[in-house]
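Summary of the model geometry
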Amino acid sequence: MLEGLHNKSDFFESKGAKKERLVINGAQVETVDIKPENQKDEVPVLVAPGWGATMESFKPGLKVLSEKGRRSISLDQPRNGGTIPDSHNEEVEKWYKDKGEKYPDWPSEELRKAHTILGLLDQKKLDKVDVIAHSEGAINVCIAAMLNPEKFTGRTIVLYSPAGVIGKDSIFRLQKSAGASKAYPESISNMPVTEAETEYLKSTTHITPDYMKANPLRTVKELLAISQAQIEDMLRYLREKGIKIVIIGAVDDTIFPMDRMQKNVKKDFVDGFLSVRGGHMQIQVHPELYMSAAESMLTKPKEKTEEKS
């Protein structure tokens, strides 16, 4: 199965896959919409890449979702341009005020990404989505859901190795831990590495450097935002709005360590917490296992029942 997932053919050019360049809030945004022939749920899955990643990074994972009968959409967050629309939500303001807190001052770069996500959903005319978000994607997805919870209400947000749930952090620790991250950490050392997987990793090594070079200033702002993000209150609000929250943590994740995550994650803001072997990047490297696990946590489609006369 691994060979099929990581072969050299371009899955984004296959039947049912549609790549588009959309203009969202003044920025050009590369997007993909993949519709399998037999969809088991009419509600699609939004796959939100982490920092420095793109749709290309998640191509094998998107193929897994397609093989499981789930329509999926994803995007490359723009490196240049993109205005930030008004982000005030009076209901959210009241929720924080009732807690004795101020309306959150979300970082501009994460707000920009959140509005890009909402713009994508609007242009695709999607009323509802499930979500699988990786790393930094957890931050901008949660902000998007705070601004427009109706798009996610009654559905599931799965966060794999999410930013913002390990407590107080710093950009210096984040940079150091990212340098220590491995594609094949200790806990999966007995998992065979195929030639196709090796080729896939080689083919994606340019993505993060290109991402950084495209806008160095935005890169620094994003890293600072990730290190300072705290999403626990957002998750509490979203659960109250009827959104199921599931976190998947990896035991060898150096970027967002499992021990810190377990200490900080509370029952009042998650519906499920799954601990898995591997590290921060396993959802990209071994999607047949990790994307499959994430998909299994999504909202199950309701069975159709015949109306009785």
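Below you will find a few notes about this structure. Because the structure is predicted, anything quoted here is derived from the model rather than measured. For every chain, the first residue of its written sequence is number 1, and the numbers climb from 1 along that sequence. The predicted nature of this model means local features are confined to residues of pLDDT at least 70 and side-chain atom pairs, given and counted, to a pLDDT of 80 or more, with totals for whole chains, interfaces and linings taken over all residues. As a rule here, side-chain values come from all non-hydrogen atoms in the structure, and water together with hydrogens is ignored.

Here we come to the overall build of the chain. Per the secondary structure count, the chain includes 13 helices and eight strands. As defined in this context, the radius of gyration uses C-alpha atoms, and a globule is described by 2.2 Å times the residue total to the power 0.38. At 19 Å, the chain has a C-alpha radius of gyration in line with the 19 Å of a compact globule built from 309 residues. Structurally, the chain occupies a C-alpha span of about 65 × 55 × 40 Å along its principal axes. The classification of residues rests on relative accessible area computed with a 1.4 Å probe and restricted to protein chains. Under 20% of the type maximum is buried, over 50% is exposed, and intermediate values are partly exposed. A total of 309 residues make up the chain; the buried ones form 56% of that total. Across the chain, contacts joining residues at least 24 apart in sequence account for 84% of those joining residues at least 6 apart. Accessible area for the chain stands at about 14600 Å²; split by element, carbon and sulfur atoms hold 51% of it. The helix and strand labels rest on DSSP assignments: H or I over at least four residues marks a helix, E over at least two residues marks a strand, and numbering proceeds from the N terminus. In this analysis, two residues are considered to be in contact whenever any of their non-hydrogen atoms come within 4.5 Å of each other. In this description, accessible areas are obtained by the Shrake-Rupley approach with a 1.4 Å probe, and a residue is regarded as covered only by the protein chains that are shown.

We now examine the packing of helix H8 (residues 207-214) against helix H9 (residues 216-228). To obtain each axis, a line is fitted to C-alpha atoms, and for helices this fit is confined to the stretch in contact; angles are then taken between N-to-C directions over 0 to 180 degrees. Contact geometry of H8 with H9 gives a least axis separation of 5 Å together with a crossing angle of 105°. With respect to their mutual orientation, H8 and H9 come out roughly perpendicular. Residues Tyr 211, Met 212, Lys 213 and Ala 214 of H8 form the contact with H9, whose own contacting residues are Pro 216, Thr 219 and Glu 222. Just so you know the grouping, Ala, Val, Leu, Ile, Met, Phe, Trp, Tyr, Cys and Pro go in nonpolar, Asp, Glu, Lys and Arg go in charged, and all remaining residues, Gly too, go in polar. Residues that form the contact of H8 with H9 fall into these classes: four nonpolar, one polar and two charged. Roughly parallel covers angles under 35 degrees, roughly antiparallel covers those over 145, roughly perpendicular covers 65 to 115, and oblique covers all other angles.

Here we come to the packing of helix H2 (residues 59-67) against helix H13 (residues 287-296). Following both chains from N to C, one finds H2 and H13 inclined at 55°, their axes separated by 9 Å at the closest point. On the basis of their axis angle, the class for H2 and H13 is oblique. The handedness of the crossing between H2 and H13 is right-handed. Contacts between H2 and H13 pair Pro 60, Gly 61, Val 64 and Leu 65 from the former with Pro 287, Glu 288, Met 291, Ser 292 and Glu 295 from the latter. Looking at the contact of H2 with H13 residue by residue, the classes come out as five nonpolar, two polar and two charged. Take the far helix as the reference: if the near one is turned anticlockwise from it by less than a right angle, the crossing is left-handed, and if turned clockwise, right-handed.

Attention shifts here to the sheet that holds strand S7 (residues 244-250). Across a sheet, strands are paired by hydrogen bonds formed along the backbone, either parallel or antiparallel in direction. What the eight strands build is an open sheet, ordered S1-S2-S4-S3-S5-S6-S7-S8; its pairing is mixed. A single partner strand is all that each edge strand has here, and the edge strands are strand S1 (17-24) and strand S8 (272-276). Neighbouring strand axes in the sheet, compared pairwise and without regard to direction, differ in orientation by 20° on average. Of the pairings in the sheet, the one linking S7 to S8 comprises five bridges and is parallel in character. Pairing between two strands requires that DSSP report at least two bridges joining them.

So, about the pairing of strand S6 (residues 156-160). Each regular strand displays side chains that alternate between the two surfaces of the sheet. Extensive coverage of S6 is indicated by the burial of five of its five residues. By the alternation rule, side chains of S6 split into Thr 156, Val 158 and Tyr 160 and Ile 157 and Leu 159, which are all buried. Of the pairings in the sheet, the one linking strand S5 (residues 130-134) to S6 comprises four bridges and is parallel in character. Residue pairing for S6: Ile 132 is matched across the bridge by Val 158. Taken together, S5, helix H5 (residues 137-147) and S6 form a β-α-β motif whose crossover is right-handed. Here S6 pairs with S7 via five bridges, running parallel. When the sheet's bridge partners are listed, Thr 156 is paired in S7 with Lys 244. Crossovers are marked right-handed if the path from the first strand over the helix to the second runs clockwise, as seen with the strands pointing away from the viewer.

A separate point is the packing of aromatic side chains. Aromatic pairs are defined between Phe, Tyr and Trp rings, using the six-membered ring for Trp, whenever the two ring centres lie within 6.5 Å; interplanar angles under 30 degrees are classed as stacked, those over 60 as edge-to-face, and all others as tilted. Enumeration according to the criterion identifies six aromatic pairs in this entry. Their ring planes at 90° and their centres at 5.0 Å tell us that Trp 95 and Tyr 96 sit as a pair that is edge-to-face. Classification of Trp 95 as buried rests on a relative accessible area of 13%. Judged by relative accessible area, which is 5%, Tyr 96 ranks as buried. With centroids separated by 5.3 Å and ring planes inclined at 75°, the aromatic side chains of Trp 95 and Tyr 237 adopt a geometry described as edge-to-face. You can see Trp 95 sitting in helix H3 (residues 90-98) and its partner Tyr 237 sitting in helix H10 (residues 232-240), a full 142 residues away along the chain. What makes Tyr 237 buried here is its relative accessible area of 2%. Aromatic ring contacts, followed pair by pair, group Trp 95, Tyr 96 and Tyr 237 into a single cluster. Comment: the charge-over-ring label is applied if NZ (Lys) or CZ (Arg) is within 6 Å of the ring centre and within 35 degrees of the ring normal. Positioned over the ring face of Phe 12 is Lys 59, at 5.0 Å from the centre of the ring. Above the plane of the ring of Tyr 211 lies Arg 79, whose end atom (NZ or CZ) is 3.6 Å from the centre.

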